[in-house]
Amino acid sequence: MDYNFREIENKWQDYWERDKTWQVEADPALPKYYVLDMFPYPSGAGLHVGHPEGYTATDIVARYKRMKGYNVLHPMGWDAFGLPAEQYAIQTGTHPSITTRRNCDTFRKQIKALGLGYDWNREINTTDPAYYKWTQWIFMKLYNTWFDDQRQKGRPIDELPIPAEIAAAGKKAVREYQNARRLAYYADAQVWWCSHCHIVCANEEVLNDGTHEKCGHIVTRRVLKQWMLRISQYAERLLEGLNSLDWPEGVKDMQRNWIGKSTGAEVEFPVKNHEHKIRVFTTRPDTLFGATYMVLSPEHPLADPLTVPEQKETIRAYLEEASKKSDLDRTDLAREKTGVFTGSYAMNPVNGEKIPIWIADYVLMGYGTGAIMAVPAHDTRDFEFAVKFNLPIRCIMDPMGAAPEEREQILKGKACWTEDGRYIHSADPLSGLDINGLNKDQGIETTIRWLERKQYGRKAVNYKLRDWLFSRQRYWGEPFPVIHWEDGEISLINESELPLVLPELENYQPGEHGESPLANAGDWLEVTGKDGRKGRRETNTMPQWAGSCWYYLRYIDPHNRERIFDPGKEAYWMPVDLYIGGAEHSVLHLLYARFWHKVLYDLGIVSTDEPFRKLFNQGMILAYAYETASGAKVPSNLVEEKDGRFFHTETGEELKQIVAKMSKSLKNVVNPDDVIKNYGADSMRLYEMFMGPLDAAKPWSENGIKGVYHFLNRVYRFFSSPENLYNGEEKNENILKVLHQTIRKVENDIEGLRFNTAVSQMMIFTNACIKKGKVSRDTASAFVRVLSPFAPHVAEELWERLGNPPSVVDAEFPAFNEEYLKEDRFEYPVSFNGKLRFKLELPVDMEENRIREAVLNDERSARWLNGKKPRKIIVVPKRIINVVV
RNA sequence: GCCCGGAUGGCGGAACUGGUAGACGCGCUGGACUUAAAAUCCAGUGGACAUUUUGUCCUUGGGGGUUCAAGUCCCCCUCCGGGUACCA
């Protein structure tokens with residue numbers, strides 16, 4: 001008979017609910033532990049098997065830490081703003097809040113069915129006005145903050161020093177001066193527009209092929225007034241902060257790449273017959289002697305002024321083409337370089353040489369200064385361009401480490417060299433700069449010093465990270481607490497007016513030309529100021545990232561109506577000790593949240609500089625799928641298995657089993673509800689942990705879940721049968737040893753998030769008990785506690801049956817005792833020349849020399865020594881013996 | 001292109017700072033129980049060869065190297081996954 005998981009699971013889930021087991025409060029007398037899941041978007045499809053993986057992992061850690069005496073904060077909530085609910089509203093007229101509530105109810109029910117111990121008293125929902133009141137409040141803080149570059153710190157806008165000439169120019173000038181420095185600003189932005197969704201997309205939401213990640217349609221460029229956040233000013237802080245974090249190196253690397261710091265120099269090139277100067281950023285100022293032309297990006301402000309009359313028409317056509325090209329062909333794989341000559345020349349500061357100025361779209365306005373000096377001999381892009389347009393290529397570095405033939409080519413300007421070497425042709429008696437013979441590092445340093453002395457340029461740092469486009473043309477998002485006045489002034493609403501609640505609408509359809517659905521909001525839109533001035537509310541809403549940027553802070557004090565949270569509680573619970581979620585949030589969510597957190601820290605609102613101390617990414621759960629020899633996918637319902645091989649039910653063709661993402665079309669989606677119905681929540685939890693390492697992608701297998709289900713049945717059957725248990729202490733040495741090994745291993749594995757091996761150790765223990773046939777109640781009680789974070793329902797039931805009062809949740813996690821783990825003898829593997837030949841059991845405290853004797857005296861050694869004397873005998877205590885002959 | 005990560009039996013995966021490769025689970029084979037099946041229990045299970053037994057050889061994607069000893073460290077290569085891309 002299988003154990004009745006349904007009855008047991010219902011019973012204990014009811015108990016935890018009635019008992020309010022998971023409700024916690026800040027308690028300075030106890031050490032705290034804050035364990036957080038990335039909260040889900042409650043989609044209409046319900047929970048997916050991927051969700052419970054991370055949730056189970058955090059639940060195990062939470063339960064374990066609680067048993068270790070920590071006060072554990074483990075909350076859950078909903079990232080519920082988003083497109084699907086709005087799309088559904090457009091189609092059916094159902095208000096998104098109704099859809100959202102329904103979906104949250106489903107998710108909550110499904111999560112509870114897994115026996116996850118969340119404090120539901122702290123549940124939050126980003127779409128709840130009582131929550132987004134504070135999202136709006138943070139936006140107001142961002143608006144009222146500027147970044148002090150000197151102190152590398154955000155400060156209140158009233159502390160921004162106003163230069164005398166600005167102050168003298170009047171209020172408007174002061175306002176503009178401030179607006180140009182606020183962390184949230186409203187400005188013309190070149191944005192990606194998705195004409196399918198009628199929405200602007202952040203750069204991050206546009207895929208490599210120029211399509212919108214949400215809908216797959218091609219996006220186009222537009223200039224629109226949008227809200228932006230000055231995250232780029234926090235680049236250095238965001239980069240620096242990574243060093244102190246216990247995060248996967250891969251995630252840190254991704255963030256570093258995204259921030260994209262590069263050091264080099266800014267150099268100014270005078271233009272012949274013009275007062276303009278072209279400023280460029282370069283990481284290779286040392287190659288100035290090799291600069292043979294310059295390039296401006298098509299959007300560069302000097303593109304037009306520097307065009308000579310005879311070139312006007314050509315340039316105009318090129319600029320137009322370039323602006324169109326950035327729409328569609330920008331991502332062409334075979335991007336052949338294009339460009340046109342302006343007719344103007346710049347002067348190379350190192351040698352006074354006249355070099356032509358071109359315009360080309362391989363130079364981007366959004367990076368550096370939007371202009372470059374081109375050194376074709378030592379930059380692959382410039383090389384490609386120079387070859388195509390027949391521009392001179394001047395090698396100024398004798399390559400080190402290049403093959404002789406390659407070196408020949410490079411010196412002749414027929415190939416490009418970007419590595420280190422020794423400079424040649426890099427001196428000019430007039431300018432006084434000479435770096436011939438130096439290597440790259442020395443060359444860069446010397447050139448920068450020269451540039452600074454001659455005031456042609458300076459050392460400079462550049463970041464790829466750009467400002468964050470923060471508004472969307474959607475209904476279902478946080479409204480901005482902003483009023484646009486008829487005279488063009490922008491102001492925030494009063495804090496007392498928060499939350500600014502989303503108005504009810506008849507029509508959720510966004511406009512064709514970038515108007516948000518809120519433009520239909522009638523009365524809501526119009527405002528009249530005290531002075532009689534008319535204004536209009538902002539009709540854009542915030543992106544979905546907004547709510548998820550700070551939700552972990554609201555869990556701390558979710559019902560506080562007066563403040564965002566109580567500072568004492570914040571100081572107690574923060575930082576998050578462990579944060580688990582999908583790797584898809586490695587860059588954006590985590591970077592945005594860190595940015596907001598740092599601003600709040602600078603303003604004294606939070607007590608830590610970084611929000612998430614330890615981060616871990618769970619891997620994706622995949623499924624088996626099938627394909628024919630030609631690679632065509634076959635839905636799983638058309639596949640049959642025979643003797644471990646797979647065949648198409650209709651054609652009979654043999655199929656290959658592969659691993660793929662779960663998808664409706666492959667018919668291999670696993671529904672957690674079905675799994676719970678057939679095997680129970682404990683099996684579901686245990687299997688998700690047993691599948692493999694938490695961070696690995698791994699395929700779901702029906703047989704795998706049967707394995708852990710089988711294990712739980714064995715556990716239940718054995719430990720719930722009184723005839724298998726005797727009272728008091730454990731008498732069997734071996735059982736005691738395995739028990740304590742298990743306690744130690746499970747403890748270490750939970751701390752290291754290696755749940756798969758923890759489960760396997762518990763299996764080893766159970767096998768040993770069943771083999772023995774009878775163990776003590778002490779042993780059973782210890783094991784049940786070890787098992788409880790993983791399979792809490794079975795554990796509660798057994799705990800009760802062993803005669804303990806509920807609940808095992810508050811029992812102490814057993815401590816392992818080294819005494820029981822000690823071995824006095826060890827079975828040494830004995831190798832000859834590295835090959836294992838036999839085993840020899842010896843006392844562990846035996847001296848090495850005595851061990852050598854013992855090995856040589858063993859009759860089995862004679863065969864391998866073959867009459868020779870051993871050259872050397874290596875003894876590694878409690879590991880191995882190796883005889884070298 | 002660049003930056004990460006990975007490759008271990010029929011399958012999912014173990015293996016601490018280099019020290020008995022294949023833990024644990026699945027599957028498979030044989031057996032017990034049963035009228036039978038399921039469930040359960042017991043035994044076996046990397047490959048090849050040999051065998052009455054003791055056994056021998058091979059094996060962690062491929063090739064080199066360091067070492068008494070390499071899945072683990074170093075160099076080169078192949079394939080797979082993720083990120084990113086005219087970033088100057």
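Residues numbered from 1 in each chain as written. Chains lettered and ligands numbered in written order. Predicted model: local features only at pLDDT ≥ 70, side-chain atom pairs only at ≥ 80, totals over all residues. Heavy atoms only, no water.

Now for the overall build of chain A. If you tally the helices and strands in chain A, you get 27 helices and 39 strands. Each principal axis of the C-alpha atoms in chain A carries an extent, and together these give about 100 × 90 × 65 Å. Within chain A, counting contacts between residues at least 6 apart in sequence, those at least 24 apart form 70% of the total. Entry remark: accessible area of chain A is about 40900 Å², with carbon and sulfur atoms responsible for 48%. Taking the average location of the 115 positive side-chain charges in chain A and that of its 125 negative ones, the two points are 3 Å from each other. (Helix = DSSP H or I, 4+ residues; strand = E, 2+ residues; numbered from the N terminus. Contact = heavy atoms within 4.5 Å. Areas by Shrake-Rupley, 256 points an atom, 1.4 Å probe, with all protein chains shown as cover. Lys, Arg positive; Asp, Glu negative; His and termini not counted. Charge placed at Lys NZ, Arg CZ, Asp CG, Glu CD.)

Now for the environment of Pro575. Within the secondary structure, Pro575 sits in the loop between helix H16 (567–573) and strand E26 (578–582). Sequence separation between Pro575 and Val35 is 540 residues, and the spatial gap between their C-alpha atoms is 9.7 Å. Setting aside its immediate chain neighbours within four residues, Pro575 contacts Lys32, Tyr34, Thr608, Glu610, Pro611 and Arg613.

Domain annotation for chain A reports domain 1 (14–136 + 546–618), domain 2 (159–234 + 468–537), domain 3 (262–462), domain 4 (621–660), domain 5 (671–820) and domain 6 (823–884). The C-alpha centroid of domain 6 is placed 77 Å from the C-alpha centroid of domain 2. (Domains from an automatic or database assignment.)

Interhelical geometry of helix H21 (residues 733–751) versus helix H22 (residues 755–772) gives an angle of 165° and a closest axis separation of 8 Å. The angle between H21 and H22 places the two elements in the roughly antiparallel class. The handedness of the crossing between H21 and H22 comes out as left-handed. The residues of H22 that touch H21, namely those facing Ile735, Val738, Leu739, Gln741, Thr742, Lys745, Val746, Asp749 and Ile750, are Phe755, Thr757, Ala758, Gln761, Met762, Phe765, Ala768, Cys769 and Lys772. For the contact of H21 with H22, the residue count by class is 11 nonpolar, four polar and three charged. (Axes fitted to C-alpha atoms, helices over the stretch in contact; angles between N-to-C directions. Parallel < 35°, antiparallel > 145°, perpendicular 65-115°, else oblique. Left-handed = near helix turned anticlockwise from the far one by under 90°. Nonpolar A, V, L, I, M, F, W, Y, C, P; charged D, E, K, R; others polar.)

What follows is about unusual backbone geometry. Across the junction of Leu498 and Pro499, the peptide omega takes the value -5°, indicating a cis bond. Within the secondary structure, Pro499 is located in the loop between strand E23 (490–492) and strand E24 (526–528). The backbone phi angle of Lys20 is positive, close to 50°, even though this residue is not glycine. A positive phi angle, close to 50°, is found at His425, a residue other than glycine. Summarising the element assignment, His425 is placed in the loop between strand E17 (421–423) and strand E18 (427–428).

Glancing now at the sheet that holds strand E11 (residues 277–282). Taken together, the three strands give an open sheet; going across it, the order is E11-E10-E20, and neighbouring strands pair in antiparallel fashion. Of all the strands in the sheet, the pair left with one neighbour each is E11 and strand E20 (457–462). The mean angle between the axes of side-by-side strands here comes to 30°, regardless of whether they run parallel or antiparallel. Pairing analysis gives six bridges linking strand E10 (residues 262–270) to E11, with the strands arranged antiparallel. Following the sheet pairing, Glu268 is matched in E11 by Arg279. Each of E10 and E20 is contacted by helix H13 (residues 440–454), which is oriented at about 120° to E20, the strand it contacts most. (Pairing = 2+ DSSP bridges.)

This part is about the protein's contact with RNA strand B. Around RNA strand B sit 51 residues in total, of which Thr283, Lys337, Tyr367, Arg381 and Arg714 are the nearest. In RNA strand B, atoms within 4 Å of the protein come from the sugar-phosphate backbone in 61% of cases. Separating a phosphate oxygen of RNA strand B from a side-chain N or O atom of Asn756 is a distance of 2.8 Å. At 3.0 Å from a phosphate oxygen of RNA strand B is found a side-chain nitrogen or oxygen belonging to Arg837. No other element matches the seven residues that H22 contributes to the surface near RNA strand B. Across the surface near RNA strand B, the residue classes break down as 22 nonpolar, 14 polar and 15 charged. (Near = heavy atom within 4 Å. Polar contact = N/O pair within 3.5 Å; in protein donor to acceptor, adjacent residues only side chain to side chain.)

Of the two faces of strand E22 (residues 482–485), the one lined by Val482 and His484 and the one lined by Ile483 and Trp485 are each fully buried. Bridge analysis of E22 against E23 gives three bridges, and the strand direction is antiparallel. When the bridges of E23 are listed, Ile483 appears paired with Ser491. In this sheet, strand E25 (residues 534–537) lies alongside E22 in antiparallel orientation, the contact comprising three bridges. By the bridge assignment, Trp485 is partnered in E25 with Gly535. (Buried < 20%, exposed > 50% of the residue type's maximum accessible area, 1.4 Å probe, protein only.)

Next up on the list: the state of the cysteines. Linking two cysteines covalently through their sulfur atoms gives a disulfide. Under the counting rule described, the total for this entry stands at zero disulfides. You can see Cys395 has no disulfide; the closest cysteine sulfur is in Cys416, sitting 9.5 Å from it. Looking at Cys395, the relative accessible area reads 4%, which means it is buried. (Disulfide = S-S within 2.5 Å.)

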